[in-house]
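Here is what each chain is made of, one letter per residue.
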Amino acid sequence: MLCQACQKNPATVHLTHIINYEQSVQHLCEQCAREKGEFDFGASPPFSIQNLLTGLMNMEAPLKEQLVYQDKLQCEGCGLTYAQFGQIGRFGCSECYTVFSNRLLPLMRRIHGSAQHVGKIPARAGGVVRLRRSIDELRRQLKELVSREEFEEAAVIRDKIRSLEEGGEKGDA
Amino acid sequence: MPNDDKGMRCGSSKWMEGKGPDGEIVLSSRVRLARNIMGMPFPYLASDSQTETINKQVEQVSINLADELGDIKFLRMNNVSPLHRQVLVEKHLISPLLVKEPHNSAVILRNDQAVSVMVNEEDHLRIQCLLPGLQLEEAFAEANRWDDLFEKELDYAYDEQWGFLTVCPTNVGTGLRASVMVHLPALTLTKQINRVLSAIAQVGLAVRGLYGEGSEIIGNLVQISNQVTLGQSENEIIRNLYGVTRQIVEQESSARQVLLNEGRDRLSDRVNRAFGVLTHARLMSSQEALQLLSDVRLGIDSGLIGDVSGNVLKELMVLLRPACLQMEAGRELDGMERDRERACLIRKSLGPK
Ligand SMILES: [Zn+2]
Ligand SMILES: [Zn+2]
């Protein structure tokens with residue numbers, strides 16, 4: 001889809017205008033969207049301290065105009081867009097986590113106060129994770145042994161790391 | 001009423017029987033694990049054929065694992081009558097959501113009803129273990145064992161950073177929700193309940209009354225559960241909830257002691273009046289019943305009412321709910337008939353043997 005304003009660049013920003021509860025969507029390129037946004041804000045300032053205060057004191061006052069920036073970030077696995085995720089608060093499939101991963105940090109920190117799983121590592125699905133963690137642990141041991149100049153032991157550890165990196169399971173035994 | 005419900009009884013679940021540790025105050029402990037299958041759209045977005053694929057896959061797994069899972073049944077919701085579904089909800093074995101959208105959803109139910117697995121609920125799988133008393137570690141151990149078994153056969157959606165991937169971001173990580181149901185009549189009577197509940201909320205746990213909304217907690221029953229699922233290990237979550245629950249048990253116990261020491265006659269009068277109403281009333285709403293049963297249970301726990309099993313509150317609070325009443329009666333009942341049947345059931349359970 002081409003930008004509706006310049007008809008040159010691909011439309012990557014979808015602007016939703018809500019005016020008196022009527023919704024219309026414009027498909028624009030990033031550059032045009034920025035210009036349009038500035039223009040709109042300049043022409044009829046929808047946001048000011050005054051508006052904010054009235055807004056706070058009278059929640060009934062209808063929003064004259066609200067600009068909602070949507071972008072085209074979309075999960076290929078299930079078709080859910082990031083904007084839809086924001087609206088319904090649910091992921092559509094496990095792929096969504098990968099596609100939206102950059103934006104999940106602040107969200108997860110707000111919900112859980114953390115953005116790192118520290119619990120169970122399942123045997124099969126977590127196999128790679130388990131492997132990587134045990135290699136990390138062995139590397140740490142190797143470094144320590146080398147610094148203490150215990151080279152014989154270090155060689156054993158080094159071989160273990162190698163076999164883990166090559167064959168995965170083999171070294172576990 | 002459909003034929004398959006004729007002659008069926010509500011029966012009892014493991015959590016409703018026995019008392020369990022700290023069972024005077026902690027009625028039950030529940031643990032559930034949310035799990036999803038990799039590369040499959042989550043149930044609310046999945047097509048009929050996709051949810052059916054999941055259903056078949058899980059049914060096959062339950063057959064493969066028959067030896068380890070014990071005596072189980074795989075129930076497809078489309079094959080379960082609406083009344084029977086509602087009974088399962090009232091016994092806390094499945095969620096209302098599973099009933100609302102029964103298409104292609106299912107439940108695996110262990111014979112003792114201590115473990116159940118919902119299929120195609122919010123997440124593809126929800127493994128639940130429900131035990132009497134304060135048995136969070138035991139409930140987690142059993143749910144975790146089932147989880148390990150299922151993981152052998154199913155490709156779980158799991159990520160190094162986010163842990164177990166769930167539909168809702170509030171469940172991601174461990175996918176673990178642990179909860180206890182506690183009976184707190186003395187904290188209510190001594191007007192300490194709000195202070196205690198807000199203290200619980202401040203340590204990051206969720207608190208809610210069992211039925212109904214608003215400020216009044218019906219039957220003095222409160223459910224406490226963890227909110228955080230990411231950034232804490234399963235053991236931390238379980239231990240934290242266990243610790244807080246133990247503190248609540250102690251506060252409720254000492255409040256009961258205060259009531260007994262300082263107002264024994266008043267307390268005895270209150271609980272025995274409740275007993276009198278329950279053993280003689282001819283019509284009883286569920287709300288009134290829960291309130292009076294709370295008093296009676298407090299009377300039994302405090303030794304002010306004898307000759308009645310302490311489990312009566314737990315059993316009756318399920319058996320006197322609408323679907324269970326109708327299942328027992330063997331026919332549909334309107335509101336007035338339910339109130340009559342409820343009063344009758346209570347008289348039978350509490351009355352002279
Ligand atoms: Zn443009
Ligand atoms: Zn997706």
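Everything that follows concerns the structure shown earlier in this document.
Cut-offs used in this document
- Residues numbered from 1 in each chain as written.
- Chains lettered and ligands numbered in written order.
- Predicted model: local features only at pLDDT ≥ 70, side-chain atom pairs only at ≥ 80, totals over all residues.
- Heavy atoms only, no water.
- Helix = DSSP H or I, 4+ residues; strand = E, 2+ residues; numbered from the N terminus.
- Contact = heavy atoms within 4.5 Å.
- Areas by Shrake-Rupley, 256 points an atom, 1.4 Å probe, with all protein chains shown as cover.
- Donors = N, O, S within 2.8 Å, 3.2 Å for Na, K, Ca; no water.
- Tetrahedral: all angles 85-135°; square planar, octahedral: opposite > 155°, others 65-115°.
- Buried < 20%, exposed > 50% of the residue type's maximum accessible area, 1.4 Å probe, protein only.
- Expected span 1.5 Å × (residues − 1).
- Buried area = accessible area lost by both parts, 1.4 Å probe.
- Salt bridge = Lys/Arg side-chain N within 4 Å of Asp/Glu carboxyl O.
- Polar contact = N/O pair within 3.5 Å; in protein donor to acceptor, adjacent residues only side chain to side chain.
- Pairing = 2+ DSSP bridges.
- Phe/Tyr/Trp six-rings, centres within 6.5 Å; stacked < 30°, edge-to-face > 60°.
- Lys NZ or Arg CZ within 6 Å of the ring centre and 35° of its normal.
- Axes fitted to C-alpha atoms, helices over the stretch in contact; angles between N-to-C directions.
- Parallel < 35°, antiparallel > 145°, perpendicular 65-115°, else oblique.
- Left-handed = near helix turned anticlockwise from the far one by under 90°.
- Nonpolar A, V, L, I, M, F, W, Y, C, P; charged D, E, K, R; others polar.
- Core = buried A, V, L, I, M, F, W, Y, C linked by side-chain atoms within 4.5 Å.

### Some words on the overall build of chain B
Thinking step 1. Counting secondary structure elements, chain B contains 12 helices and 10 strands.
Thinking step 2. Projected onto its principal axes, the C-alpha positions of chain B cover 65 × 50 × 35 Å.
Thinking step 3. Pairs at least 24 residues apart make up 73% of the contacts formed inside chain B by residues separated by at least 6 positions.
Thinking step 4. As displayed, chain B has an accessible area near 14,600 Å², and 47% of this comes from carbon and sulfur atoms.

### Details of the coordination of the zinc ion (ligand 2)
All names here are of chain A.
Thinking step 1. Protein-derived coordination of the zinc ion (ligand 2) comes from C75 (SG), C78 (SG), C93 (SG) and C96 (SG), at a distance range of 2.3 to 2.4 Å.
Thinking step 2. Considering all four donor atoms around the zinc ion (ligand 2), angles at the metal cover 98 to 128 degrees and the coordination shape is tetrahedral.
Thinking step 3. Site description for the zinc ion (ligand 2): donor spacing in sequence, C-x2-C-x14-C-x2-C.
Thinking step 4. Judged by relative accessible area, which is 1%, C75 ranks as buried.

### Quick look at helix α1 (residues 48-64) of chain B
All names here are of chain B.
Thinking step 1. With 17 residues, α1 extends 24 Å between its outermost C-alpha atoms, agreeing within 8% with the 24 Å of an ideal straight helix rising 1.5 Å per residue.
Thinking step 2. Every buried residue belonging to α1 is among T51, E52, I54, N55, V58, V61 and S62, and all of these are buried.
Thinking step 3. Buried-residue contacts for α1 involve α2 (66-69), β2 (72-76), β3 (106-110), β4 (115-119), β5 (125-132) and α5 (136-153).

### Brief notes about the interface of chain A and chain B
Thinking step 1. Contacts between chain A and chain B engage 34 residues on the former and 43 residues on the latter.
Thinking step 2. Interface area, chain A with chain B, both sides summed: about 3,000 Å², of which 58% is carbon and sulfur.
Thinking step 3. For the chain A face of the interface with chain B, the top three residues by lost area are A:H112, A:H117 and A:K120, together amounting to 24%.
Thinking step 4. Applying the counting criterion to the chain A and chain B interface returns three salt bridges.
Thinking step 5. Close ionic contact of B:D148 with A:K120 constitutes a salt bridge, the shortest N to O distance being 2.8 Å.
Thinking step 6. At the boundary of chain A and chain B, one finds 24 residue pairs in polar contact (both at pLDDT 80 or more).
Thinking step 7. Taken together, the elements giving at least two residues each to the side of chain A that touches chain B come down to α3 (82-88), α5 (101-112) and α6 (127-147) of chain A.
Thinking step 8. The element contributing the most residues to the side of chain A that touches chain B is α5(A), with seven residues.

### Regarding the pairing of strand β10 (residues 221-226) of chain B
All names here are of chain B.
Thinking step 1. Burial of β10 is extensive: six of the six residues sit out of reach of the surface.
Thinking step 2. Every second residue of β10 is oriented toward a common face, with L221, Q223 and S225 on one face and V222, I224 and N226 on the other, all of them buried.
Thinking step 3. Relative to β10, strand β9 (residues 205-209) runs antiparallel, the two sharing five bridges. The partner of L205 across the bridge, within β10, is N226.

### Things to note about the packing of aromatic side chains
Thinking step 1. Enumeration over the complete set of coordinates arrives at eight aromatic pairs over all chains.
Thinking step 2. Seen in terms of ring centroids, B:Y158 and B:F164 are 5.0 Å apart; in terms of plane orientation they differ by 65 degrees. Their pairing is edge-to-face.
Thinking step 3. Overall, B:Y158 belongs to the buried group, its relative accessible area being 13%.
Thinking step 4. Residue B:F164 is classed as buried on the basis of its relative accessible area of 1%.
Thinking step 5. Clustering of aromatic rings is evident, with ring pairs tying together A:Y82, A:F85, A:F91, A:Y97 and A:F100.
Thinking step 6. The ring of A:Y82 has A:R103 sitting right over it, with the charged end atom 4.8 Å from the ring centre.

### Let's talk about the packing of α5(B) against helix α8 (residues 234-280) of chain B
All names here are of chain B.
Thinking step 1. Contact pair α5 / α8: the axes reach a minimum separation of 10 Å and the direction vectors enclose 155 degrees. Overall, the two elements α5 and α8 adopt an arrangement that is roughly antiparallel. The interaxial crossing formed by α5 with α8 has right-handed handedness. On α8, the residues touching L136, E137 and F140 of α5 are E234, I238, L241 and Y242.
Thinking step 2. The class makeup of the residues in the contact of α5 with α8 is five nonpolar, no polar and two charged.

### Describing α6(A)
All names here are of chain A.
Thinking step 1. For α6, which comprises 21 residues, the first-to-last C-alpha distance of 30 Å matches the rise-based estimate of 30 Å (1.5 Å per residue) to within 8%.
Thinking step 2. If you check which residues of α6 are buried, you get V129, I135, L138, L142 and L145.
Thinking step 3. Positive backbone phi, at 60 degrees, marks E149, one or two positions downstream of α6.

### A word on the sheet that holds β4(B)
Residue and element names in this part refer to chain B.
Thinking step 1. Taking strand neighbours across the sheet as the criterion, the eight strands line up as β2-β3-β4-β5-β1-β8-β10-β9 in an open arrangement whose pairing is antiparallel. Either end of the sheet is taken by a strand with one partner, and the two such strands are β2 and β9. This sheet shows a mean twist of 20 degrees between the axes of neighbouring strands, independent of strand direction.
Thinking step 2. Across the sheet, α1 touches β2, β3, β4 and β5, and the angle it forms with β2 is around 165 degrees.

### Topic: the side chain of B:S233
Thinking step 1. Along the chain, B:S233 turns up in the loop between β10 and α8.
Thinking step 2. Leave out the neighbours within four places in its chain, and B:S233 touches A:V118, A:G119 and B:T174.

### Describing the nonpolar core
Thinking step 1. If you look at the biggest cluster of nonpolar residues, it comprises 100 residues, and the most contacted ones within it are B:V58, B:F150 and B:I224.
Thinking step 2. Not counting the four nearest positions on each side in its chain, B:V58 is found in contact with B:F74, B:I108, B:V119, B:L125, B:F150 and B:L154.
Thinking step 3. Membership of the second largest hydrophobic core comes to 18 residues, among which are A:C75, A:Y97, A:M108 and B:L165.

### Points about the pairing of β4(B)
Residues and elements named next belong to chain B.
Thinking step 1. In terms of burial, β4 is a largely internal element, five of the five residues being buried.
Thinking step 2. Here β4 shows no split at all, with V115, V117 and V119 on one side and S116 and M118 on the other all buried.
Thinking step 3. Pairing between β3 and β4: four bridges, direction antiparallel. Residue L109 lies in a different strand from β4, and its bridge partner there is S116.
Thinking step 4. Following β3, the chain reverses through four residues before pairing antiparallel with β4; Q113 in that reversal takes a positive phi of roughly 60 degrees.
Thinking step 5. Here five bridges tie β4 to β5, and the two strands are oriented antiparallel to one another. Residue pairing across strands places M118 opposite R126, the latter belonging to β5.
Thinking step 6. If you look at the hairpin formed by β4 and β5, you'll find five residues sitting between the two strands, and N120 has a positive phi there, around 60 degrees.

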